Amino acid sequence: MRTSIVLIMVVGLSSAAIADPVAQSSTLRMNQIQVIGSHNSYHAHPSEPLFSLVKEAYPAAATWAYDHPPLDVQLDRGVRSFELDLYFDTKAIKVLHVPRFDQNSTCETLVDCATVLRDWSKAHPDHVPVIVLLELKEDDVPQANIPVLSFDQAALVQLERELTDVFSPEQLIRPDDVRGDAATLREAITTTGWPNLDAVRGRILFALHTGGKAAETYASMHPGLKGATAFLQAYGDEDYAAIYVLNNPTNPEITTRVKEGFIVRTRADADLEEAAKNDTARRDAALASGAQIITTDFFAGSPHEETGYVVTLGEDKAARLNVVNGE
């Protein structure tokens with residue numbers, strides 16, 4: 001009977017261009033699959049001639065030379081996790097990479113991006129959960145002459161409000177939805193576990209991809225993340241631990257955390273290096289690690305234009321059974 005369920009789920013998790021088909025299972029949980037995510041998901045190629053001037057002064061900026069299609073197009077191609085860089089603005093939180101020098105985006109504000117995700121999700125209600133990492137950017141950029149505001153408590157309140165203005169509670173997966181009656185989120189993850197996959201299809205999960213003062217402030221606003229809209233990236237054994245970002249796919253902690261029940265994001269490539277050489281070693285390590293989210297700049301439909309490097313789960317698959325904990 002168990003084998004039959006697994007085979008059904010493999011079929012049910014296929015298809016990138018349409019909503020993921022429903023496959024009923026009383027056992028498979030949302031952390032027992034793997035999906036492809038995009039890095040800097042909003043990113044559009046920097047504008048010329050400024051970009052050429054920036055590269056002369058800062059050669060590492062050459063790694064900014066890539067385009068991603070809009071978020072809904074990525075979803076159509078099977079991407080099920082996103083990364084958005086956020087800069088605080090009292091009018092509307094902005095989504096961009098580097099102020100002035102690399103600020104082109106397919107959705108310029110958090111509300112814009114969230115609206116695209118909501119509309120696609122409503123049109124494809126059977127999709128596996130989409131996990132969105134929100135990276136809070138607070139460092140000043142030399143020579144940009146644009147002040148970078150901190151994500152203090154007022155900014156974090158605004159961030160939550162912008163999300164809840166777009167999404168209704170039933171469209172989200174929030175910490176309260178996972179904790180249940182457990183004393184802490186970490187306890188829930190390591191005992192009861194994540195919700196069943198079929199119970200959370202068609203929903204979005206947001207996690208703050210940040211540490212330091214902003215994370216401390218958000219944790220103090222929502223002790224144990226009770227009442228929080230978003231999860232917080234874990235770094236150790238925090239009581240709110242649920243999601244880890246471990247970008248080196250050869251890090252043995254990935255498999256350890258996955259077996260403990262946590263969700264992990266890793267990267268199949270970085271700074272365009274592996275793609276330019278069609279070096280698949282890091283990609284293969286990421287796929288084998290058990291990380292539920294394998295992030296790349298080169299997903300289905302967007303291979304490297306010269307080498308053909310691409311990261312997929314197989315033809316037309318939006319998700320697959322996790323190679324570490326999916327059986």
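Residues numbered from 1 in each chain as written. Predicted model: local features only at pLDDT ≥ 70, side-chain atom pairs only at ≥ 80, totals over all residues. Heavy atoms only, no water.

Caption draft 1: A look at the packing of helix α4 (residues 110-123) against helix α5 (residues 153-166). Between α4 and α5, whose axes approach to 9 Å, the crossing angle comes to 30°. Viewed along their axes, α4 and α5 adopt a mutual orientation that is roughly parallel. Helix-helix and strand crossings are classified by hand; for α4 and α5 the assignment is right-handed. Taken together, the residues of α5 that come into contact with α4 (itself represented by L110, V111, A114, T115 and R118) are L159, E162, L163 and V166. Looking at side-chain class alone, the contact of α4 with α5 contains 6 nonpolar, 1 polar and 2 charged residues. (Axes fitted to C-alpha atoms, helices over the stretch in contact; angles between N-to-C directions. Helix = DSSP H or I, 4+ residues; strand = E, 2+ residues; numbered from the N terminus. Parallel < 35°, antiparallel > 145°, perpendicular 65-115°, else oblique. Left-handed = near helix turned anticlockwise from the far one by under 90°. Contact = heavy atoms within 4.5 Å. Nonpolar A, V, L, I, M, F, W, Y, C, P; charged D, E, K, R; others polar.)

Caption draft 2: Seen up close, helix α9 (residues 253-260). Buried residues of α9: I254, R257 and V258, and no others. When α9 is viewed along its axis, its buried side chains cluster within an angular range of 100° and face the same direction. Tucked inside the fold, the buried residues of α9 contact α7 (185-190), β7 (243-245), β8 (263-267) and α11 (281-289). Of the residues one or two after α9, G261 is the one with positive phi, at around 115°. (Buried < 20%, exposed > 50% of the residue type's maximum accessible area, 1.4 Å probe, protein only. Arc of directions from axis to C-beta.)

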